[in-house]
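Each chain is listed here by its residues.
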Amino acid sequence: MKIQNFHKASSLADAYERLERSSDAAIIGGGAWMKFSSRTLEEAIDLSGLGLDAIDERDGVVAIGSMTPLRDIETSDVLKRIFNGILPHAAAQIVGVGLRNIATIGGSVVGKYGFSDLLGPLLCMDARLEFFKEGEVSLAEFLERKGRTDDILVSVNIPSKAGCGYFKKVRKTALDFAVLNITITKTDGQTRIALGSRPARAVLAMDAMAVLNGSVDNDETTIEKAAEKAAEAVRFGDNHRASEAYRKHLAYVYVRRGLFMLEEGRT
Amino acid sequence: MKLHATINGRKRVLEIQPGDVLLDTLRDHDFISVRRGCDSTSCGVCTILVEGKPVPSCTYLSARAEGKTITTVEGVQDHAARLAGFFGGEGADQCGFCNPGIALSVYALSNEAPDADEDTIRHYLTGHLCRCTGYHSQVQAVKKYLEGLK
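Each residue is numbered by its place in its chain's sequence as written, counting from 1. Lettering of chains starts at A and numbering of ligands starts at 1, both following the order in which they are written. At least 70 in pLDDT is required for a residue's local features to be given in this predicted model, at least 80 for side-chain atom pairs to be given and counted, and no such filter applies to totals for whole chains, interfaces and linings, which use all residues.

Some thoughts on the overall build of chain A
And step 1. A run of DSSP states H or I qualifies as a helix once it reaches four residues; a run of E qualifies as a strand once it reaches two. Both are numbered from the N-terminal end. Tallying secondary structure elements over chain A gives eleven helices and 14 strands in all.
And step 2. In this setup the radius of gyration rests on C-alpha atoms only. A globule is expected at 2.2 Å times the number of residues raised to 0.38. A globule of 267 residues ought to have a C-alpha radius of gyration of about 18 Å, and chain A, at 19 Å, matches this closely.
And step 3. The C-alpha extent of chain A, read off along each of the three principal axes, is 60 × 45 × 30 Å.
And step 4. Counting other C-beta atoms within 10 Å of a residue's C-beta gives its exposure: the residue is buried at 20 or more, exposed at 12 or fewer, and partly exposed in between, where C-beta atoms are placed from the backbone. Counting over 267 residues, chain A shows a buried share of 49%.
And step 5. Once C-beta atoms are placed from the backbone, any two residues with those atoms within 7 Å are in contact. For chain A, restricting intrachain contacts to residue pairs at least 6 apart in sequence, the fraction spanning at least 24 positions comes to 61%.

Right under this line is the structure:
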């Protein structure tokens, strides 16, 4: 990425005004992946002075400021308490401490990266995104939209419900992106499953979820059927890390394993 | 544009370009302990401390360091020399290219978690690639170094 001008925003309104001024202006999150981009920015807008790096719990919601570094998510006691701490657990597996000190949750979400290990857990925890202009929108809806947003992400909001969770990152080496990541949560009797790094970005496995949530009891047969649905109905692809067939197989194995672990309280 | 930062305890004003990263800014001003490795946040070789926290300088925009404190190995010589003794003792050193980055992460760890156990050390140093040692001897050296600080 090439940057022609750097602007440290004095407020969200200031940042938005600069963003609207040029189609070649963009918000810089943590900048962790900027070397992967060939884009030339007329202006890079920095939000780091706006206090958007806190994790607050109030009124049944955990609000994570968009500029919160992944390292703060990894070490957050508040986030460790919800859904077996799947979000800190997922964050802790992303490269090393140094990268996690700069990469932000906002960058991970707005970038809609296929390799993201955070989108799956956030989808499963039913996260909602607070934008400066648009207000609140569900993460699932945001991820379905095409192209870049012209709004500013202020926070990622997670309902702090009692629930349990499972997260598995399958990778070839310690520092690599995932071949596949698998997230499952269960709360209020409802199960959610997300598959990410397919290699496309994370999606909810709706058909598999329908099997589980339409059943009175998540017994062995139901779990088996749900795991098969997750592998069949979600689209996987090939890349240099793994084939479509291998990802399909992994999805079946780990969804099945994760569901059993949640049912048996082993997470 | 100008960068005002405290580098290794000294206030400095450096001329930078908007897209410059700290790796280039620091090396251009003779902080040559900061090494260039993968140049894409994956190897840990270019690690420096900003506000006491390890970050990859190859990706950290210099403009973003305005008003902050930056530490390179040149600024923690006593610590680096002590750690080097333990690295030597454990055979944790060969080409030495990754040492400055690791030394700074260990310095940050000693402040953040002085009682770190082996698992914590391994987790904290994940992201620092070393092609010589196989890591085990480095972890042992860091363990002894931290014990020596008590």
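Side note on the domain arrangement of chain A
All names here are of chain A.
And step 1. Where each domain begins and ends follows an automated or database-derived domain assignment. Its domain assignment divides chain A into domain 1 (2-45), domain 2 (55-159) and domain 3 (164-263).
And step 2. Here the C-alpha centroids of domain 2 and domain 3 sit 20 Å apart.
And step 3. Listed as interface residues are 21 residues of domain 2 and, on the opposing side, 21 residues of domain 3.
And step 4. Of all the elements in the fold, those that place two or more residues in the side of domain 2 that touches domain 3 are helix H4 (86-91), helix H7 (119-124) and helix H8 (139-144).
And step 5. Per-element tally for the side of domain 2 that touches domain 3: the top contributor is H7, with five residues.
And step 6. In this classification, the charged set is Asp, Glu, Lys and Arg, the nonpolar set is Ala, Val, Leu, Ile, Met, Phe, Trp, Tyr, Cys and Pro, and all remaining amino acids, among them Gly, are polar. Across the side of domain 2 that touches domain 3, the residue classes break down as 13 nonpolar, six polar and two charged.

Things to note about the environment of Ala127(A)
Residues and elements named next belong to chain A.
And step 1. Of note, Ala127 is situated in the loop between H7 and strand S8 (128-131).
And step 2. The class of Ala127 is buried, set by 24 C-beta atoms lying within 10 Å.
And step 3. Sequence separation of Ala127 and Leu70 is 57 residues, and the distance between their C-alpha atoms is 16 Å.
And step 4. Apart from residues lying up to four places away in sequence, Ala127 is in contact with Leu122, Leu139, Val156, Asn157 and Ile158.

So, the nonpolar core
And step 1. Of all hydrophobic cores here, the largest spans 127 residues; its most connected members are Ala230(A), Ala251(A) and Val255(A).
And step 2. For this core, the leading source of residues is helix H3 (residues 99-112) of chain B, giving seven residues.
And step 3. Residues within four places of Val255(A) in sequence aside, it is in contact with Ile182(A), Ile184(A), Ile193(A), Ala208(A), Ala226(A), Ala227(A) and Ala230(A). Each nonpolar core consists of buried Ala, Val, Leu, Ile, Met, Phe, Trp, Tyr and Cys residues. Their C-beta atoms, within 7 Å, join them into a set.

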